[in-house]
There are 2 protein chains.
Amino acid sequence: MKYSNQTRILVAVDSIVFGFDGSEYKLLLIQRGFAPEKEKWSLMGGFLQPEESLDEAAKRILKQLTGLQDIYLEELKSFSRPNRDPIERVIAVTYVALIDIKKYQQQINDDFHARWFPMKELPQLIFDHQEMVEIALNKLRYKAAFHPILFELLPDKFTLPQLQNMYEGLYNTKFDKRNFTRKVLSTNLLNKENDKDKLNSKKGAFYYSLDEKQYKDTLLSIQNFIPLTEING
Amino acid sequence: MKYSNQTRILVAVDSIVFGFDGSEYKLLLIQRGFAPEKEKWSLMGGFLQPEESLDEAAKRILKQLTGLQDIYLEELKSFSRPNRDPIERVIAVTYVALIDIKKYQQQINDDFHARWFPMKELPQLIFDHQEMVEIALNKLRYKAAFHPILFELLPDKFTLPQLQNMYEGLYNTKFDKRNFTRKVLSTNLLNKENDKDKLNSKKGAFYYSLDEKQYKDTLLSIQNFIPLTEING
DNA sequence: AATTATTAGTGTAATATATACATTTAATAT
DNA sequence: ATATTAAATGTATATATTACACTAATAATT
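Residues numbered from 1 in each chain as written. Chains lettered and ligands numbered in written order. Predicted model: local features only at pLDDT ≥ 70, side-chain atom pairs only at ≥ 80, totals over all residues. Heavy atoms only, no water.

Draft legend 1. Region of interest: the confidence of the model for chain A. Residues of chain A with pLDDT of at least 70 account for 95%, and the chain-wide mean is 92. The model gives residues 228-233 of chain A a pLDDT under 50, and that stretch makes ten contacts with residues more than four places away or in other chains. (pLDDT = per-residue confidence, 0-100. Contact = heavy atoms within 4.5 Å.)

Draft legend 2. Highlighting the UniProt feature "domain: Nudix hydrolase" (unreviewed entry) in chain A. Within this structure's numbering, the places UniProt gives as "domain: Nudix hydrolase" (unreviewed entry) are residues 10-140 of chain A. Segment residues 10-140 of chain A splits into 27% helix and 36% strand. End C-alpha atoms: 28 Å apart. (UniProt positions renumbered as here; feature names shortened; annotations may be inferred. Helix = DSSP H or I, 4+ residues; strand = E, 2+ residues; numbered from the N terminus.)

Draft legend 3. The interface of chain B and chain A, seen in detail. Chain B puts 57 residues into the contact, and the matching count from chain A is 57 residues. For the chain B and chain A pair, buried surface summed over both sides reaches about 5400 Å², with 63% attributable to carbon and sulfur atoms. Summed over the shared surface of chain B and chain A, the number is two salt bridges. Between A:Arg8 and B:Glu88 there is a salt bridge, and its shortest N-O distance comes to 2.5 Å. Where chain B packs against chain A, one counts 23 residue pairs in polar contact (both at pLDDT 80 or more). For the side of chain B that touches chain A, the secondary structure elements donating two or more residues are strand S1 (10-20), strand S5 (72-79), strand S6 (90-100), helix H3 (129-144), helix H4 (160-171) and helix H7 (228-232) of chain B. Within the side of chain B that touches chain A, the residues separate by chemical class into 33 nonpolar, eleven polar and 13 charged. (Buried area = accessible area lost by both parts, 1.4 Å probe. Salt bridge = Lys/Arg side-chain N within 4 Å of Asp/Glu carboxyl O. Polar contact = N/O pair within 3.5 Å; in protein donor to acceptor, adjacent residues only side chain to side chain. Nonpolar A, V, L, I, M, F, W, Y, C, P; charged D, E, K, R; others polar.)

Draft legend 4. Structural view of the sheet that holds strand S9 (residues 190-197) of chain B. All names here are of chain B. An order of S8-S10-S9 is seen for the three strands of this open sheet, with the pairing classed as antiparallel. The open sheet terminates on both sides in strands that have one partner only, identified here as strand S8 (157-159) and S9. Recorded for the sheet is a direction-independent mean angle of 40° between the axes of neighbouring strands. Lying over the sheet, H4 contacts S8, S9 and strand S10 (205-210), oriented at roughly 80° with respect to S8. (Pairing = 2+ DSSP bridges. Axes fitted to C-alpha atoms, helices over the stretch in contact; angles between N-to-C directions.)

Draft legend 5. Broad picture of the domain arrangement of chain A. All names here are of chain A. When its domains are assigned, chain A resolves into domain 1 (10-127) and domain 2 (149-230). The interface is formed by nine residues belonging to domain 1 together with twelve residues belonging to domain 2. Summing both sides of the interface, domain 1 and domain 2 together bury roughly 910 Å²; the carbon and sulfur share of this comes to 66%. Summed over the shared surface of domain 1 and domain 2, the result is zero salt bridges. At the boundary of domain 1 and domain 2, one finds one residue pair in polar contact (both at pLDDT 80 or more). Among the secondary structure elements, those contributing two or more residues to the side of domain 1 that touches domain 2 are strand S1 (10-20) and strand S6 (90-100). By residue class, the composition of the side of domain 1 that touches domain 2 is six nonpolar, two polar and one charged. (Domains from an automatic or database assignment.)

Draft legend 6. Just the sheet that holds strand S8 (residues 157-159) of chain A, in detail. Residues and elements named next belong to chain A. One open sheet holds the three strands; their spatial order is S8-S10-S9, and the pairing between them is antiparallel. Strands with a single pairing partner mark the edges of an open sheet, and in this sheet they are S8 and strand S9 (190-197). Direction aside, neighbouring strands of the sheet carry axes that sit 40° apart on average. Looking at chain direction, S8 and strand S10 (residues 205-210) are connected through three bridges and run antiparallel.

Draft legend 7. Spatial organisation of the protein's contact with DNA strand C. In the vicinity of DNA strand C there are 22 residues, among which A:Arg178, A:Asn179, A:Lys203, B:Arg182 and B:Lys203 approach most closely. In the environment of DNA strand C, a sugar or linking oxygen lies 3.4 Å from a nitrogen or oxygen atom belonging to the backbone of A:Lys202. Separating a base nitrogen of DNA strand C from a side-chain N or O atom of B:Lys202 is a distance of 3.4 Å. Secondary-structure elements contributing two or more residues to the surface near DNA strand C are helix H5 (177-186) of chain A together with helix H5 (177-186) and S10 of chain B. Class assignment for the residues of the surface near DNA strand C results in five nonpolar, five polar and twelve charged. (Near = heavy atom within 4 Å.)

Draft legend 8. The arrangement of the relation of the copies chain B and chain A in detail. It takes a turn of 180° to lay chain B on chain A, together with a shift of 0.0 Å along the axis; the resulting RMSD is 0.0 Å. The transformation relating the two chain copies, once decomposed into turn and shift, fits a two-fold axis. (Least-squares fit on C-alpha atoms with pLDDT ≥ 70 in both.)

Draft legend 9. Local environment of unusual backbone geometry. All names here are of chain A. Look at the link from Ala 35 to Pro 36: it is a cis peptide, with omega at -5°. By the element assignment, Pro 36 lies in the loop between strand S2 (25-31) and strand S3 (41-42). Phi angles above zero are rare outside glycine, and Asn 5 is one such case at about 60°. If you trace the backbone, Asn 5 turns up in the segment before S1.

Draft legend 10. Expanded view of helix H2 (residues 101-111) of chain B. Residue and element names in this part refer to chain B. Residues of H2 that are buried include every one of Ile 101, Tyr 104 and Ile 108, and no others. For H2, the buried positions fall inside an angular range of 90° around the axis, keeping them on one side. For H2, the exposed residues set more than 90 degrees away from the buried face come down to Lys 102, Gln 106 and Asp 110. Where H2 is buried, its residues contact S1, strand S2 (25-31), helix H1 (54-66), S6 and strand S7 (115-118). (Buried < 20%, exposed > 50% of the residue type's maximum accessible area, 1.4 Å probe, protein only. Arc of directions from axis to C-beta.)

Draft legend 11. Local environment of the pairing of S6(B). All names here are of chain B. Across the eleven residues that make up S6, a large majority, eleven, are buried. Of the two faces of S6, the one lined by Val 90, Ala 92, Thr 94, Val 96, Leu 98 and Asp 100 and the one lined by Ile 91, Val 93, Tyr 95, Ala 97 and Ile 99 are each fully buried. Relative to S6, S1 runs parallel, the two being bridged by eleven bridges. What sits directly across from Gly 19, in S6, is Ile 99. Alignment of S5 against S6, held across six bridges, turns out to be antiparallel. Note that in S6 the partner of Tyr 72 across the bridge is Leu 98.

Printed below as a string of structure tokens:
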């Protein structure tokens with residue numbers, strides 16, 4: 001038994017994968033393997049299969065194309081303009097992924113054909129993928145202002161200057177170091193380690209790591225139409 | 001020319017339509033017109049048609065089922081569990097709509113079979129519609145804390161007590177009247193009218209209306225990992 | 001006409017948060 | 001020993017948020 005007189009449509013999943021290498025933001029792209037637009041640069045995409053949800057499809061595709069697993073992934077929005085794909089109608093549901101570039105660099109380069117592009121030097125993308133990236137970047141800026149999601153882009157151990165660089169890069173601005181440090185530390189998200197990163201300065205900067213429990217709690221809370229105590233509890 | 005070896009899937013649009021009648025929040029539901037679950041209560045839903053985008057489908061379906069037009073509509077998320085519909089696979093993209101109940105009450109009751117249910121007295125809903133409503137409500141609470149979207153629920157002229165009731169209802173709490181008034185007026189969103197609402201009190205409360213220009217600007221701004229000046233400009 | 005009841009409307013002081021701003025410290029290189 | 005570089009740190013001011021209670025306007029009642 002089926003629904004009659006209704007049109008069935010191809011459903012694709014496309015993931016906007018952001019990374020940060022310590023100094024700049026990058027986007028992971030792949031050369032499309034089939035026509036049309038074969039060999040052109042594309043987001044990490046594929047078709048939804050019969051027995052999987054969209055979340056599962058996004059994970060599967062990311063793994064197939066890059067080997068990446070256990071990655072931060074969140075639905076962004078759907079794209080459904082009737083002629084967005086010239087071959088036949090395809091609606092795309094997009095996801096945003098955040099990863100620590102260095103953690104997987106070897107793997108991505110060696111085994112797959114995905115490549116990181118600096119956000120300021122993106123190639124032409126297929127279909128409406130450019131628009132997807134712009135919307136994803138705006139959402140990342142929005143969300144990161146309220147939730148500590150950018151930590152997904154950092155290695156397990158990172159320094160305060162690295163953290164500040166990452167925030168400054170996203171908003172294209174400079175913050176006062178003292179104020180930034182105070183604000184970040186006041187969240188209790190960070191545990192200070194005993195060792196220092198000596199690669200980037202003579203003095204060396206102490207490493208910090210995420211307090212995982214605090215992180216999970218803080219991810220859901222927010223920081224104003226409503227007294228904040230009502231929202232954050 | 002088509003993509004080969006791929007499964008095409010039915011795509012539905014379901015809209016969670018919230019209203020506020022001055023004292024409580026309500027949800028607009030309709031009795032499903034076809035099997036399965038015929039006559040059961042459902043969100044405003046329908047299938048995506050070949051020549052329309054999802055946004056257009058959401059608008060069309062809302063108009064067909066309720067006569068409503070020019071309504072606040074925003075994509076929520078997709079729902080794609082393989083067996084969410086017992087007949088055949090259907091993925092659903094959901095939208096949230098906000099409307100002033102009174103403005104359309106007559107129209108909805110007379111010409112259509114949609115009905116408003118108080119949020120605390122919802123009937124059983126088909127499929128995963130209950131989950132959709134919960135997620136939509138959470139998102140509304142989240143977004144309304146930063147953006148003045150709840151004004152969509154109010155008539156063109158409203159009083160400060162009505163406005164406060166609406167906010168208190170959503171967060172299930174009480175605010176201090178002086179602080180709330182000060183905060184709302186400091187946004188410059190409101191223009192004071194010369195007449196009063198005399199229905200709800202002896203003294204009468206002055207009407208206010210939205211400053212449309214200010215409203216459009218404020219909708220996009222937000223109000224804390226990042227100094228707010230960076231975001232709001 | 002006077003009294004009562006009801007809800008609207010308003011200000012101030014205390015606290016918390018955010019911002020602006022410059023010097024000292026640790027380590028390496030010369 | 002000195003110079004260089006970047007990390008680390010504190011205080012004063014401004015702004016925003018919160019807590020709190022009385023007066024004003026009107027309709028209903030006597």
